[in-house]
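Structure assessment
The lines below spell out each chain.
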Amino acid sequence: MATCPECDAEIEVDEFDVDKGDKLSCPECGSNLEVIGLTPIELDIAADDDDDDDDDDDLEDDEAEEDEEEDEEEDEPWEE
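Below or above, wherever it landed, is the structure these notes cover. (Residues numbered from 1 in each chain as written. Predicted model: local features only at pLDDT ≥ 70, side-chain atom pairs only at ≥ 80, totals over all residues. Heavy atoms only, no water.)

**Some words on the pattern of salt bridges**
Rule in force here: By salt bridge we mean one thing: a side-chain nitrogen of Lys or Arg within 4 Å of a carboxyl oxygen of Asp or Glu. Here a helix means four or more residues in a row that DSSP labels H or I, a strand means two or more in a row labelled E, and each is numbered from the N terminus.
The full count for this structure, using the stated rule, is one salt bridge. E34 is paired through a salt bridge with K23; the nearest N and O atoms lie 3.8 Å apart. Of this pair, E34 sits in strand β4 (residues 32-38) while K23 sits in strand β3 (residues 23-25), placing them 11 residues apart in sequence.

**Here we look at the sheet that holds β4**
Going by this rule: The pairing criterion for strands is at least two bridges between them, as found by DSSP. Each axis is a line fitted through C-alpha atoms, and for a helix only the stretch in contact is used; angles between axes span 0 to 180 degrees, taken between their N-to-C directions.
With respect to topology, three strands assemble into an open sheet ordered β3-β4-β5, the strand pairing being antiparallel. Strand pairing shows two members of the sheet lacking a second neighbour, β3 and β5 (41-45), which therefore form its edges. Ignoring which end each strand starts from, the neighbouring axes of this sheet average 45° apart. As defined by bridge partners, β3 adjoins β4 across three bridges and the pair is classed as antiparallel. Paired with K23 across the strands is E34, a residue of β4.

Laid out in structure tokens, this is it:
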């Protein structure tokens, strides 16, 4: 048994079926949890992976800027 750090609900977790770093969710409050200890099993609120999505947005913005710069270069007349 482990305890949800968010709502203090008892969560049945088989210590032989989980590893440190595994993610699960609390059946009571729905919080995303991470196994941080095995003997005894300890749970902590899992870090959000939304930061990765923000990084993807930044890459898309950078690519759009590069495309605009390439378009501007194409519009300039060639000098020979």
